[in-house]
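Residue strings, one per chain:
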Amino acid sequence: MNPAGPVDLAYPFTGTWLVQNSPADRVPSHGTRLFATSFAIDFTPVDASGQSAPVTLASLFRSEQPERFAGFGRAVMAPASGLVRAARDGEPDHAAFRGFPSIGYAATQARRVREGWVGLAGNHVIIEVGGVFIALCHLKRGSICVQPGQLVRSGEPVGRCGNSGNSTEPHVHVQAMDSADPGQASAVPVSFAGGLPRNGTVVAV
């Protein structure tokens, strides 16, 4: 059963991050209710100019290595104290796709959906917080530093921002669920520090 209101979380990072696919703008935020993503939100790390990576003529026509992006490898922290229920590592950080390459990448999304939760989430951590399960997705391969059964405190590092799973550029996807199994769970609304930022907001922590 969902809580009476949103589960309030701390932002799972420091620095500046751009808000995308926010449930403050639409629900379901990602255009689907699959895998309990109705209230999911994305945070893309950006530099001081508000860019995730410099846009060049080349970036409009070919894929880019994730290392070019400002936030690739930035620390991702537990957004609340709780119990780690799942930790997946080992999925590759693939190329990033902007401009015309993103169109081709979108055409392959059905394949990732068929692969299930891991195909979409990539490397991820799920933390149980008071009966709600918080998933942090698209983490960098080899960066997961927690394991199932481990207690974590809010602000404790759990991994690093990556580009694994269904991701066009390095970012962190956050969602809350009423079960540790995303295939069976229902989505739970979230808030951050008592509010929910809209698309296009740059959050500085």
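The sections below set out a description of the structure shown in this document. Every value quoted in this text rests on a predicted model; they were computed, and no experiment measured them. (Residues numbered from 1 in each chain as written. Predicted model: local features only at pLDDT ≥ 70, side-chain atom pairs only at ≥ 80, totals over all residues. Heavy atoms only, no water.)

Moving on, we come to the overall build of the protein chain. If you tally the helices and strands in the protein chain, you get 3 helices and 13 strands. For the protein chain, the C-alpha radius of gyration of 16 Å lies close to 17 Å, the compact-globule estimate for 205 residues. Along the first, second and third principal axes, the C-alpha atoms of the protein chain reach 50 × 35 × 35 Å. Out of the 205 residues belonging to the protein chain, those deemed buried represent 46%. Pairs at least 24 apart in sequence give 75% of the contacts found in the protein chain among residues at least 6 apart. With the model as given, the accessible surface of the protein chain reaches about 9100 Å², and the carbon-plus-sulfur share is 53%. Taking the average place of the 16 positive charges on the side chains of the protein chain and the average place of its 15 negative ones, the gap between the two points comes to 4 Å. (Helix = DSSP H or I, 4+ residues; strand = E, 2+ residues; numbered from the N terminus. Rg over C-alpha atoms; globule rule 2.2 N^0.38 Å. Buried < 20%, exposed > 50% of the residue type's maximum accessible area, 1.4 Å probe, protein only. Contact = heavy atoms within 4.5 Å. Areas by Shrake-Rupley, 256 points an atom, 1.4 Å probe, with all protein chains shown as cover. Lys, Arg positive; Asp, Glu negative; His and termini not counted. Charge placed at Lys NZ, Arg CZ, Asp CG, Glu CD.)

Moving on: the state of the cysteines. By the definition in use, this model includes 0 disulfides. C145 takes part in no disulfide bond, and the closest cysteine sulfur, belonging to C161, lies 14 Å away. Here C161 stays unpaired: no disulfide links it, and the sulfur of C137, its closest cysteine neighbor, is 12 Å away. Residue class for C161 comes out buried when judged on its relative accessible area of 0%. (Disulfide = S-S within 2.5 Å.)

A contiguous nonpolar surface patch, about 660 Å² in accessible area, is contributed by V55, L57, L60, F61, F100 and I103. Its place among the elements puts I103 in helix α1 (residues 100-106). The class of I103 is exposed, set by a relative accessible area of 57%. (Patch = residues over 30% accessible without salt bridge, like charges linked within 9 Å, V, L, I, M, F, W, Y side chains within 5 Å. Salt bridge = Lys/Arg side-chain N within 4 Å of Asp/Glu carboxyl O.)

Our focus in this paragraph is unusual backbone geometry. A cis amide bond, omega 0°, links V27 with the succeeding residue P28. For P28, the location among the structural elements is in the loop between β2 (16-20) and β3 (41-45). Phi at H138 takes a positive value of approximately 70°, unusual for a residue other than glycine. Phi is positive for A193, close to 50°, though the residue is something other than glycine. Secondary-structure assignment places A193 in the loop between β12 (190-192) and β13 (202-204). On the basis of relative accessibility, which here comes to 68%, the residue A193 falls in the exposed class.

Along the polypeptide, T14 turns up in the loop between β1 (7-9) and β2. On a C-alpha basis, the gap between T14 and G155 in space is 9.6 Å, while along the polypeptide they are 141 residues apart. Once you skip the residues sitting within four places of it in the chain, T14 turns out to touch R74, M77 and V205.

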